[in-house]
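The residues making up each chain are set out below.
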Amino acid sequence: MMRSDPGLYDYWPYENRPKISWPGNARVAFWVAPNIEFYELDPAVNPHRKPWPKPIPDVHGYATRDYGNRVGHMRLMQVLDKYNVRGSISLSTALCDHHPEIIEMCRERDWEFFSHGIYNTRYSYGMDEAQERSVIEAAMETILKHTGKPCAGYLAPALTHTERTMDLFAEAGGIYTCDLFHDDQPTPVSVRSGKKFISVPYSLEMNDTIVYVVNKIEPRRYSEMIKANFDRLYAEGANNPVVMCVPLHAYQVSHPHRLKAFEEALEYITGHSDVWVTTGREIAEHWIDQHYDEAVADIEQRVLSLGGAS
Amino acid sequence: MSLDDRYFEYPRRGYGMDHDLYDWSMLADRKPVRWPDGKPLALWVNVALQYFPLDQKGEPFKPPGGMVTAYPDLRHYTLRDYGNRIGVFRIFDALDKLGVTASVAMNTRLALRNPYLLRRVVGRGHELLCHGWDMDTIHHGGMHEAAESEIISRALDELRTASGCDVKGWLSPAKSQSAATPKLLATHGVEYMCDWINDDMPYAFRTAAGEITALPLSTELEDRFIILDNGHSETEYADQIIDACDFLIEEAETIGAGRLLALNVHPWMLGQPHRIRMLERVLAHITSTDKVWRASPSEIIAVWKGAQAQ
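Computed from a prediction, not measured in an experiment: that's the story for all the values here.

### Comments concerning the overall build of chain B
Part 1: Per the secondary structure count, chain B includes 10 helices and nine strands.
Part 2: Here the C-alpha radius of gyration of chain B, 20 Å, is about what a compact globule of 310 residues would show, namely 19 Å.
Part 3: Projecting the C-alpha coordinates of chain B onto the three principal axes gives extents of approximately 60 × 55 × 45 Å.
Part 4: Counting all 310 residues of chain B, 58% fall into the buried class.
Part 5: In chain B, the proportion of contacts linking residues at least 24 apart, taken out of those at least 6 apart, comes to 71%.
Part 6: Accessible area of chain B: about 12,100 Å², with a carbon and sulfur share of 50%.
Part 7: Charge-centre separation for chain B: the mean point of 33 positive side chains lies 4 Å from the mean point of 43 negative side chains.

Following this line, the structure appears as structure tokens:
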């Protein structure tokens, strides 16, 4: 039976929360998450979702994504290097086998790798618990094997979930999810094991694919949106620090008509003092270490005193 | 609920692509291509001359720009026909005014219906590409190879006969292909195809009938895509192309290798009186420097091939 509420977190109003302290007393923890993805031309088909909108081979759809790997990542990497931003990669882990050159360039830069599933054309829908656990663990093992560092975060492949996704990822050793869009600060996420597991704000509103493809926003306007998003978070962060994430896809943002406008926004943000330019894992580890217990206590107290959904 | 075991098999997981159509390579790692006179950017303008039949089948999908309303959709039929009657001559004037070379990709059915237009195209010296039979004859994975072979053969033979040109280039309607399309094109004497948009430069594409060159004709920079699909303004169209031009010149000069700006334009779109000045603005910007080589697709491929042989 379907649930009316995902049951992952309690209502926790923005006002009067305990204060976060980021390193260097930063107002905003800023992270950039390039998605490095592999889409299969002719994958096994999940009965709940077709891999491509057009008949296979969907040349246009496939080639659109492949552009990111052939052309886009190198361009984006150069821009991030210029502003000393280490990417937090949302990785289709099979790409370690297909395109190890890209992985090596990210490793050299000490970027973070987190799991985005094995392929972005394999969906979680319809998996039983053992199947989903197996693919979650396999993806994490690939990251450890190819990068030497354990995987801490998860963005489900193609944002496809089951009711058990968070439980299984936490049990496999993960500490944060990027799949929830309910907050501008990290929050605890309830998992059945009771492990300390959290949400680190990723963003759909700032996600280039959502912006360009779903909302059909012009490249220069995207840059203005990012700056406006930052300006408000930066102002509010003087009171209680927050997180800002810009998720990217090199097959979108790295096109020649888009990258310069995006770079202007990145230059603007990194030109501010009191911004902690960091990675998803560093935000998660810091917040769990410094703020998790306090947050849980505050939420419990407020749920008790305010009533309402839990 | 669970998924079939085959959903967890990845037979093409390994180094390179998940198919044998072309080799995996990053643009940044390729042999540099140097355009004539050391110019950093090659400009390729393609004019798409299209016939959208009123009795559209829409199989397996409606062509972009095709009929929308119930039959008979006089508004879209005539709006598209406007391009071939009026708009194309505005485009020709804009090209002439700014001294820009362009290729023309023409549906063979249009060439046969409008011999005057075909004669004008040939007489003006444009390199002629076959744009398939008509916009409603879409090549796709659900086709029988024999049926597709007959269409390709008819489209190419009749265009070659009617034009007297040795047509070597191909642009599929909607850039859609079946798995057999590249092989059938190579079999019928096509040397380059423009459907795969996964790169900013030409690359070698493998077929069972020998090699063919993939010459990507950008969708992201197409007038129809920006103005119709994305709903951006005419001014925005021009801004985006100008940004792309400047970006590619800068990239080419930085790395010391030529880049390609590939612009597909539709007379039914940019040939409208309120839009044509934006094409003129774009071409004026691009031709305002001496850094741009105005080239036909065959010239571009010849230089690219020469660089591969070195």
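### Quick word on the pattern of salt bridges
Residues and elements named next belong to chain A.
Part 1: Taken as a whole, this structure holds 43 salt bridges over all chains when the rule is applied.
Part 2: Here Arg 86 makes a salt bridge to Glu 282, at a shortest N to O gap of 3.1 Å. Residue Arg 86 is found in the loop between helix H1 (59-82) and strand E2 (88-91), and its partner Glu 282 is found in helix H10 (residues 280-290); the two are separated by 196 residues along the sequence.
Part 3: For Glu 282, a relative accessible area of 28% translates into the label partly exposed.

### Side note on helix H9 (residues 276-286) of chain B
Residues and elements named next belong to chain B.
Part 1: Within H9, burial applies to Ile 276, Met 278, Leu 279, Val 282, Leu 283 and Ile 286. Within H9, the buried residues cover an arc of 160° as seen down the axis, which keeps them to one side.
Part 2: Next to the buried residues of H9 lie strand E1 (41-49), helix H1 (74-98), helix H7 (234-255), strand E8 (259-265), helix H8 (267-270) and strand E9 (292-294).

### Overview of the nonpolar core
Part 1: With 149 residues, the main nonpolar core has Met 244 and Phe 262 of chain A together with Leu 261 of chain B as its most contacted residues.
Part 2: Leave out the neighbours within four places in its chain, and Leu 261 of chain B touches Leu 41, Ala 42, Leu 43, Trp 44, Leu 221, Ala 244, Cys 245, Leu 248 and Ile 286 of chain B.
Part 3: Among the nonpolar cores identified, the runner-up in size contains 26 residues, and Phe 114, Tyr 176, Cys 178 and Ile 288 of chain A belong to it.

### Structural notes on the interface of chain A and chain B
Part 1: If you look at the interface, chain A gives 60 residues, while chain B gives 56 residues.
Part 2: Surface buried jointly by chain A and chain B totals about 4,900 Å² across both partners, of which 59% is contributed by carbon and sulfur atoms.
Part 3: For chain A, the biggest contributors to the area lost against chain B are Arg 70, Pro 256 and His 257 of chain A; these three give 16% of the whole.
Part 4: Across the chain A-chain B interface, the total number found is eight salt bridges.
Part 5: With a closest N to O distance of 2.8 Å, Asp 199 of chain B and Arg 70 of chain A form a salt bridge.
Part 6: Between the two partners, chain A and chain B, sit 29 residue pairs in polar contact (both at pLDDT 80 or more).
Part 7: Secondary structure elements with two or more residues in the side of chain A that touches chain B: H1, helix H2 (95-98), helix H3 (100-108), helix H4 (129-147), helix H7 (219-237) and helix H9 (259-270) of chain A.
Part 8: No other element matches H1 of chain A, which puts 12 residues into the side of chain A that touches chain B.
Part 9: Counted by class, the side of chain A that touches chain B contains 30 nonpolar, 15 polar and 15 charged residues.

### A look at the pairing of strand E3 (residues 112-115) of chain A
When a strand is regular, its side chains alternate between the sheet's two faces.
Residues and elements named next belong to chain A.
Part 1: The alternating pattern of E3 places Glu 112 and Phe 114 on one face and Phe 113 and Ser 115 on the opposite face, and all of these are buried.
Part 2: Examined bridge by bridge, E2 and E3 share four bridges and lie parallel to one another. Counterpart to Leu 91 in the pairing with E3 is Ser 115.

### As for the environment of Val 303 of chain B
All names here are of chain B.
Part 1: Positionally, Val 303 belongs in helix H10 (residues 297-309).
Part 2: Along the chain, Val 303 and Val 33 lie 270 residues apart, while their C-alpha atoms are 7.3 Å from each other.
Part 3: In this structure Val 303 touches Val 33, Arg 34, Trp 35, Pro 36 and Trp 293, once residues within four positions along its chain are discounted.

### Considering the environment of Gly 194 of chain A
Part 1: Looking at where Gly 194 of chain A falls in the secondary structure, it is placed in the loop between strand E6 (187-188) and strand E7 (198-199).
Part 2: Residues Gly 194 of chain A and Glu 171 of chain A, spaced 23 residues apart in sequence, show a C-alpha to C-alpha distance of 9.5 Å.

### Some points on H4 of chain A
All names here are of chain A.
Part 1: Compared with an ideal rise of 1.5 Å per residue, which puts 19 residues at 27 Å, H4 spans 27 Å between its outermost C-alpha atoms and is within 8% of the ideal.
Part 2: When H4 is considered as a whole, its buried residues turn out to be Gln 131, Glu 132, Val 135, Ile 136, Ala 139, Met 140, Thr 142, Ile 143 and Thr 147. Buried residues in H4, looked at end-on, bunch into an arc of 160°, giving them a common side. With respect to the buried face of H4, the exposed residues turned more than 90 degrees away are Glu 141 and Lys 145.
Part 3: The inward-facing, buried residues of H4 abut E2, H2, H3, E3, strand E4 (153-154) and helix H5 (165-171).
Part 4: Regarding H4, its N-cap is Asp 128, as a side-chain oxygen of that residue lies 3.1 Å from the backbone nitrogen of Ala 130 further along.

### With respect to the side chain of His 140 of chain B
Part 1: When you line up the elements, His 140 of chain B lands in the loop between strand E3 (127-130) and helix H4 (145-163).
Part 2: Judged by its relative accessible area of 14%, His 140 of chain B is buried.
Part 3: One polar contact links the side chain of His 140 of chain B to the main-chain amide nitrogen of Gly 142 of chain B, over a distance of 3.0 Å.
Part 4: Ignoring sequence-local partners within four residues, the contact set of His 140 of chain B consists of Pro 55 of chain A together with Glu 59, Pro 60, Ser 176, Gln 177 and Ser 178 of chain B.

### Examining the side chain of Asn 198 of chain B
Part 1: Relative to the assigned elements, Asn 198 of chain B resides in the loop between strand E5 (192-193) and strand E6 (203-205).
Part 2: Overall, the relative accessible area of 0% leaves Asn 198 of chain B in the buried class.
Part 3: Within the structure, Asn 198 of chain B has its side chain in polar contact with the side chain of Asp 66 of chain A (distance 2.9 Å).
Part 4: Within polar-contact distance, the side chain of Asn 198 of chain B engages the side chain of Tyr 203 of chain B at 2.8 Å.
Part 5: The contact partners of Asn 198 of chain B, leaving out residues within four places of it in the chain, are Ala 63, Asp 66, Tyr 67, Arg 70 and Val 71 of chain A together with Tyr 22 and Tyr 203 of chain B.

### Quick word on the packing of aromatic side chains
To describe a pair of aromatic rings, you give the distance between the ring centres and the angle between the ring planes.
Part 1: Here the structure, examined in full by the defined rule, presents 29 aromatic pairs over all chains.
Part 2: Taken together, a centroid distance of 4.9 Å and an interplanar angle of 20° make the contact between Tyr 154 of chain A and Phe 169 of chain A stacked. One end of the pair, Tyr 154 of chain A, is in strand E4; the other, Phe 169 of chain A, is in helix H5, with 15 residues separating them in the sequence.
Part 3: For Phe 169 of chain A, a relative accessible area of 1% corresponds to the buried category.
Part 4: These aromatic residues form a ring-pair network of at least three members: Tyr 39, Trp 52, Tyr 62 and Tyr 251 of chain A together with Tyr 22, Trp 196, Tyr 203 and Phe 205 of chain B.
Part 5: In this arrangement the basic side chain of Arg 70 of chain A is found over the ring face of Tyr 203 of chain B, its NZ or CZ atom lying 4.4 Å from the centre.
Part 6: One residue, Arg 258 of chain A, lies across the ring of Tyr 212 of chain A, its end atom 4.0 Å from the ring centre.

Scoring rules and cut-offs
- Residues numbered from 1 in each chain as written.
- Chains lettered and ligands numbered in written order.
- Predicted model: local features only at pLDDT ≥ 70, side-chain atom pairs only at ≥ 80, totals over all residues.
- Heavy atoms only, no water.
- Helix = DSSP H or I, 4+ residues; strand = E, 2+ residues; numbered from the N terminus.
- Rg over C-alpha atoms; globule rule 2.2 N^0.38 Å.
- Buried < 20%, exposed > 50% of the residue type's maximum accessible area, 1.4 Å probe, protein only.
- Contact = heavy atoms within 4.5 Å.
- Areas by Shrake-Rupley, 256 points an atom, 1.4 Å probe, with all protein chains shown as cover.
- Lys, Arg positive; Asp, Glu negative; His and termini not counted.
- Charge placed at Lys NZ, Arg CZ, Asp CG, Glu CD.
- Salt bridge = Lys/Arg side-chain N within 4 Å of Asp/Glu carboxyl O.
- Arc of directions from axis to C-beta.
- Core = buried A, V, L, I, M, F, W, Y, C linked by side-chain atoms within 4.5 Å.
- Buried area = accessible area lost by both parts, 1.4 Å probe.
- Polar contact = N/O pair within 3.5 Å; in protein donor to acceptor, adjacent residues only side chain to side chain.
- Nonpolar A, V, L, I, M, F, W, Y, C, P; charged D, E, K, R; others polar.
- Pairing = 2+ DSSP bridges.
- Expected span 1.5 Å × (residues − 1).
- Phe/Tyr/Trp six-rings, centres within 6.5 Å; stacked < 30°, edge-to-face > 60°.
- Lys NZ or Arg CZ within 6 Å of the ring centre and 35° of its normal.

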